[in-house]
Amino acid sequence: MHIEVRDLNKWFGQYHAVRDVNFSIETGQLIGLLGPSGGGKTSVLRMLAGLEYPDSGEILFHGKVMNDVPPQERGIGFVFQHYALFKHMTVYDNIAFGLTIQKWPKARIRARVAELLELTGLSGVEKRYPHQLSGGQRQRVAFARALAPEPQLLLLDEPFAAIDAKIRKELRSWLKSLIERVGITSIFVTHDQDEAIEVADEIMIIQQGTVEQKGTPWDIYKSPRTPFVAEFIGESTLLESIGQLKGFGQVPAQSNTKVLIRPEYIEVGQPGELKLASASENGIVKAMHFRGSEWMIEVAVGDLLLKTYRSLESPVLHIGETVQVLIHRVYVFDGDSHSVVENTLKEDPMPIMI
Amino acid sequence: MSTAPTTLTSKKSSTSSKILILITYSVFILLLIIPLVQIVIGAFNHGVQSLFQALLRPEALHAMWITLSVVVVVTLLNTLFGVLTAIMLVRGQWLSSRVRRFLNSMIDLPFAVSPVIGGFMIMLLLGPQTVMGAFFSDLGMPIVYAFPGMVLATLFVTFPLMIREIAPVLQEIGTQQEEAASMLGAYSWTTFWKVTWPSIRWGVTYGVVLTVARSLGEFGAVLVVSGNIMNKTQTMTTLVYQDVDNFNIAAANSVALVLAVCSITLLLVMEWAKRRKGVHTHAH
């Protein structure tokens, strides 16, 4: 389903929850609405569903204004944050609910439910009640129930929030492949950047009711348009100025300048470990966090505290140790414009040919 | 070393808890069991025949009929309005939260106001001397000193019972299941019967039992509004009152026994309904 949203606004009393939101979504895409809690993501989703009425603006499906169409007639599947399964109904009846409402013939309902049970891997539990299921199974039932009436659009509100970390990862890839197989336009809300990056074709970053940026996860990572986006994606460090660091003397320190460094743009090493010693600073290891597959290291360079990762293959550093710190590049946000600034000393001005 | 004081305090607390249990049992026996036994003994004092004689008096039969009618009508009305009011209070987004808070506190008014005052308010509003009372009288349907007034008075007294049972359940189940139903194409009527009703039905059952029990035993409000006219507006409770007043203790005991048996049956039904309500536990 092709979706277009124009100048959408929503107030809750004095609170301006959604501000002049505009976007369009192509058929078949999987979109992640990403942003901090209370940023208005869920309000946007509920307005698309028709559960919330916009104060101004238009919602169009296939070019048709949907504002006054009740949720019952929008043909949307909705997966709620806590699943909202009908707790007095069996799994079968939950999935069949939408079909019964639409008065499908009994035989067709049976076939469709069986197909969905198969698709979601729930065959065998159809006679159980929601309270007899695990969190992951409940989520699958909610998903099957939403898909049963063959909607053209699937909306998911924090679909993985109530599931424990390990199963969440499994479900994520399961959901992505399932949505691809069904080929349905889908929008999901999340506050978890890993989830959005892993699952979504395109991410919309929403903060304080406005869309900060929309693009593929790679685009958003590569060229964040605002300091907020840059900080929200990845584990970055935000600094006021960086002129005192080696190789970045050209960056002017102005009042509205913000400099952002991603951990993956910084290398640390014991003396002699890094190749470009001339472009490196000296730093002191302040803290080390073991992340399972790598180290996250906090290192102090002068009065700046930087974060970086270090492979488990490299020699282990110790807190208090003096190390070399090489900053490859930084993001500079100067008012409305933003740019990537490379370390100038990395390009050796006088290459020695051997 | 440290065990000694512990055993001392636990011994102390066990004696004090024994005393508390004793007090509780004494109060229980004094206030509930002895009067109940007294009623049974009093009713059978002059033999089974006199018991039936007392119950088969025309005024007693009429009082039973009136009580039954009041209970049935009040329970039906209270269930309907109670469910509607509870849904409006909890789900009524069209009302501002301030209005809902005001209504919410108003609903408990009958708990705070004496039933006699409640009956008196109906008299002031709909009595024969008032404009509204005269209007209904002229239509041939007098309210006060007649059946409608008794229903109104009992409704006033039982009104909070149903709402206070259902509102917390509605609050607890939240709106998501209902929203899920509407996303699947169900309009409000279908949503209510297929999604909301199954969740609240045991709360409603419990509310019905409470309402029946309360309207069966209501005395003050009904006494004021009905005028206690024998063979016309007399209920079982007001008949007991009149029998006692006339020193016809045996007859009073007989009618009271019927009421007591009804109450005990209701109590058992109430226990059963409470267990079926399952997850939902209560503060009162």
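Analysis parameters
Residues numbered from 1 in each chain as written. Chains lettered and ligands numbered in written order. Predicted model: local features only at pLDDT ≥ 70, side-chain atom pairs only at ≥ 80, totals over all residues. Heavy atoms only, no water. Axes fitted to C-alpha atoms, helices over the stretch in contact; angles between N-to-C directions. Helix = DSSP H or I, 4+ residues; strand = E, 2+ residues; numbered from the N terminus. Left-handed = near helix turned anticlockwise from the far one by under 90°. Contact = heavy atoms within 4.5 Å. Nonpolar A, V, L, I, M, F, W, Y, C, P; charged D, E, K, R; others polar. Buried area = accessible area lost by both parts, 1.4 Å probe. Salt bridge = Lys/Arg side-chain N within 4 Å of Asp/Glu carboxyl O. Polar contact = N/O pair within 3.5 Å; in protein donor to acceptor, adjacent residues only side chain to side chain. Phe/Tyr/Trp six-rings, centres within 6.5 Å; stacked < 30°, edge-to-face > 60°. Buried < 20%, exposed > 50% of the residue type's maximum accessible area, 1.4 Å probe, protein only. Core = buried A, V, L, I, M, F, W, Y, C linked by side-chain atoms within 4.5 Å. Domains from an automatic or database assignment. Pairing = 2+ DSSP bridges. UniProt positions renumbered as here; feature names shortened; annotations may be inferred.

Residues and elements named next belong to chain B. Where helix α3 (residues 58-91) meets helix α4 (residues 97-107), the closest approach of the two axes is 9 Å, and the angle between their N-to-C directions is 145°. Crossing handedness for the pair α3 and α4: left-handed. Across the interface between the two elements, Thr85, Met88, Leu89, Val90 and Arg91 from α3 touch Arg100, Leu103, Asn104 and Ile107 from α4. Considered class by class, the residues forming the contact of α3 with α4 number five nonpolar, two polar and two charged.

Next up on the list: the interface of chain A and chain B. On the side of chain B, 17 residues touch chain A, which itself brings 24 residues to the contact. Roughly 1,900 Å² of surface becomes buried between chain A and chain B when both sides are summed, with 64% attributable to carbon and sulfur atoms. Counting the contacts that link chain A with chain B gives one salt bridge. Between Arg46 of chain A and Glu179 of chain B there is a salt bridge; the shortest N-O distance is 2.6 Å. Between chain A and chain B we count four residue pairs in polar contact (both at pLDDT 80 or more) in total. Broken down by element, the residue count for the side of chain A that touches chain B peaks at four residues, all from helix α2 (residues 91-101) of chain A. Looking at the side of chain A that touches chain B, its residues break down into 14 nonpolar, six polar and four charged.

Below, the discussion takes up the environment of Gln152 of chain A. Structurally, Gln152 of chain A can be placed in the loop between α4 (135-147) and β7 (153-157). C-alpha separation for the pair Gln152 of chain A and Gly28 of chain A, spaced 124 residues apart in sequence, amounts to 9.2 Å.

Before going further, it helps to spend a moment on the packing of aromatic side chains. By the definition in use, this model includes 16 aromatic pairs over all chains. Among the aromatic side chains, those forming a connected cluster through ring pairs are Trp189, Phe192, Trp193 and Trp197 of chain B.

Okay, unusual backbone geometry next. All names here are of chain A. Here Ala84, not a glycine, exhibits a phi torsion of approximately 50°, which is positive. Locating Ala84 in the fold gives a position in the loop between β6 (76-79) and α2. What makes Ala84 buried here is its relative accessible area of 7%. At Glu150, a residue that is not glycine, the phi angle is positive and equals roughly 50°. Along the polypeptide, Glu150 turns up in the loop between α4 and β7.

So, on to the nonpolar core. Residue and element names in this part refer to chain A. Grouped together as the largest cluster of nonpolar side chains are 50 residues, with contacts concentrated most on Ile95, Phe143 and Leu154. If one sorts the elements of this core by residue count, α4 sits on top with six residues. In terms of domain composition, this core takes at least three residues from each of domain 1 (3-229) and domain 2 (237-346). In contact with Leu154, other than residues within four places in its own chain, are Gly77, Val79, Phe143, Ala146, Leu147, Ile179, Ile184, Thr185, Ser186 and Ile187. The next biggest cluster of nonpolar side chains, apart from the first, holds 40 residues, and it includes Ile3, Val18, Met47 and Leu155.

What follows covers the sheet that holds strand β17 (residues 322-327) of chain A. Picture the strands of a sheet paired through backbone hydrogen bonds; they go either parallel or antiparallel. All names here are of chain A. Spatially, five strands are ordered β13-β17-β14-β15-β16 in an open sheet, and the strand pairing comes out antiparallel. Unpaired on one side and paired on the other, β13 (266-269) and β16 (304-311) mark the two borders of the sheet. Adjacent strand axes in the sheet meet at a mean angle of 45°, parallel and antiparallel pairs treated alike. As paired elements, strand β14 (residues 281-290) and strand β15 (residues 294-301) share six bridges and run antiparallel to each other. Paired with Ala287 across the two strands is Glu298, which belongs to β15.

Residues and elements named next belong to chain B. In the UniProt entry, the feature "transmembrane region" (unreviewed entry) is given for residues 20-44, 64-90, 111-131, 143-163, 204-229 and 249-269. Between the end C-alpha atoms of residues 20-44 there is a gap of 35 Å, over a span that is 100% helix and 0% strand. Taken end to end, residues 111-131 is 71% helix and 0% strand, and its first and last C-alpha atoms sit 28 Å apart.

On to the domain arrangement of chain A, then. Residue and element names in this part refer to chain A. Here the domain parsing of chain A yields domain 1 (3-229) and domain 2 (237-346). Taken together, the contacts link eight residues of domain 1 with eight residues of domain 2. Contact with domain 2 buries area across many residues of domain 1, yet Tyr221, Pro224 and Pro227 alone supply 74% of it, more than any other trio. Remark: the boundary between domain 1 and domain 2 carries zero salt bridges. Here domain 1 is connected to domain 2 by four residue pairs in polar contact (both at pLDDT 80 or more). With three residues, helix α7 (residues 217-222) is the single largest residue contributor to the side of domain 1 that touches domain 2. For the side of domain 1 that touches domain 2, the per-class residue count stands at four nonpolar, two polar and two charged.

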